[in-house]
Amino acid sequence: ISPGYCWPFQASRSQVVFRLPTQVRPTAITVQHPLKKSSALGDISSAPRDFTVSVSLCQALGAGTWCWGKAGVDEEREEEVLLGTFSYDTEKEPTQTFPLQNELPRAFQFIRLVIQSNWGKSGYTCIYRVQVHGKITGMNAIGQARG
């Protein structure tokens, strides 16, 4: 990854919902950010620090449309399920994998990442790479998504 080529979120607290290409039973999430020595200014305070990962039961039940509502409850009044709360450490390796703390026995296609804080940058938080790990459940025998 190259410093400066990120997806910037306004402010230190932001969120993004990822639509995966197929249904996945998530088991871990990986976050990647450049090292301080890779940065031209030696500043990586825009890196995410504390974050949560969650899913909406609404999508798992086949609602077909995204239905996350306010305050962690979707429009069908099904609760959001928190899969874990994590901290990215800028003093460790640039690629950090976090096993999910709450695994569910079902698959999801939408995962929400909420950045609670960054390492001190007030104007924005940079996301370079996020990977979701898990077991794919929506594929047929030749690797094509079922539809």
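As the structure is a prediction and not an experimental result, all values here were calculated from the model. (Residues numbered from 1 in each chain as written. Predicted model: local features only at pLDDT ≥ 70, side-chain atom pairs only at ≥ 80, totals over all residues. Heavy atoms only, no water.)

1. Regarding the nonpolar core
Thought 1: In terms of nonpolar packing, the biggest core is built from 21 residues, with Phe51, Val53, Phe98 and Leu113 touching the most fellow members.
Thought 2: Listed by contribution, the elements that provide at least two residues to this core are β2 (14-32), β3 (50-56), β4 (80-87) and β6 (108-115).
Thought 3: Among the elements that make up this core, the one with the highest residue count is β2 (6 residues).
Thought 4: Ignoring sequence-local partners within four residues, the contact set of Phe51 consists of Ile29, Val31, Gly84, Thr85, Phe86, Ser87, Tyr88, Phe98, Leu113, Val114, Ile115 and Gln116. (Core = buried A, V, L, I, M, F, W, Y, C linked by side-chain atoms within 4.5 Å. Buried < 20%, exposed > 50% of the residue type's maximum accessible area, 1.4 Å probe, protein only. Helix = DSSP H or I, 4+ residues; strand = E, 2+ residues; numbered from the N terminus. Contact = heavy atoms within 4.5 Å.)

2. Side note on the pattern of salt bridges
Pairs can form between side chains of opposite charge once their charged atoms are near each other.
Thought 1: Tallied over the entire structure, the rule returns 2 salt bridges.
Thought 2: Of the charged contacts, one joins Glu80 and Arg112 as a salt bridge, the two residues approaching to 2.4 Å between their closest N and O atoms. Linking Glu80 in strand β4 with Arg112 in strand β6, this pair joins segments that are 32 residues apart in sequence.
Thought 3: You can call Arg112 buried: its relative accessible area is 9%. (Salt bridge = Lys/Arg side-chain N within 4 Å of Asp/Glu carboxyl O.)

3. Re empty space enclosed by the protein
Thought 1: Scanning the model with the defined rule gives 1 cavity of 30 Å³ or more in all.
Thought 2: As a volume, the largest cavity reaches approximately 30 Å³.
Thought 3: The wall of the largest cavity is formed by His33, Pro34, Leu35, Ile44, Tyr88, Asp89, Thr90, Lys92, Glu93, Pro94 and Gln96.
Thought 4: When the residues that make up the lining of the largest cavity are grouped by side-chain class, the tally is 5 nonpolar, 3 polar and 3 charged. (1 Å grid on protein atoms, 1.4 Å probe; cavity = no way out; pocket = protein on both sides within 12 Å on 5 of 7 lines; lining within 4 Å. Points joined across faces, edges and corners; volume = space filled by probe spheres on them. Nonpolar A, V, L, I, M, F, W, Y, C, P; charged D, E, K, R; others polar.)

4. Topic: the side chain of Thr52
Thought 1: The residue Thr52 is located in strand β3 in this model.
Thought 2: Those residues within four positions of Thr52 in sequence are excluded, and the remaining contacts are Leu82, Gly84, Thr85, Arg112, Leu113, Val114 and Gln116.

5. Remarks on the state of the cysteines
Thought 1: Per the counting criterion, the structure on display carries 1 disulfide.
Thought 2: Disulfide pairing is shown between Cys6 and Cys126; the S-S distance is 2.2 Å. Of this pair, Cys6 sits in the segment before β1 (7-10) while Cys126 sits in strand β7 (residues 124-127), and the two are 120 residues apart along the sequence.
Thought 3: By relative accessible area, Cys6 is classed as partly exposed at 22%.
Thought 4: What makes Cys126 buried here is its relative accessible area of 5%. (Disulfide = S-S within 2.5 Å.)

6. Some thoughts on the packing of aromatic side chains
Thought 1: This model, assessed by the stated rule, comprises 4 aromatic pairs.
Thought 2: Look at Phe86 and Phe98: their rings are 5.4 Å apart centre to centre, the planes differ by 45°, and that puts the pair in the tilted class. Residue Phe86 is located in strand β4, and its partner Phe98 is located in strand β5 (residues 95-99); the two are separated by 12 residues in the primary sequence.
Thought 3: A relative accessible area of 7% means that Phe86 is categorised as buried.
Thought 4: Joined through ring pairs, the aromatic side chains of Phe51, Phe86 and Phe98 make up one cluster. (Phe/Tyr/Trp six-rings, centres within 6.5 Å; stacked < 30°, edge-to-face > 60°.)

7. Points about the environment of Lys135
Thought 1: Mapped onto the fold, Lys135 is located in strand β8 (residues 129-136).
Thought 2: In this structure, the C-alpha to C-alpha distance between Lys135 and Arg25, residues 110 residues apart in sequence, is 5.0 Å.
Thought 3: Beyond its immediate sequence surroundings of up to four residues, Lys135 is in contact with Gln23, Val24 and Arg25.

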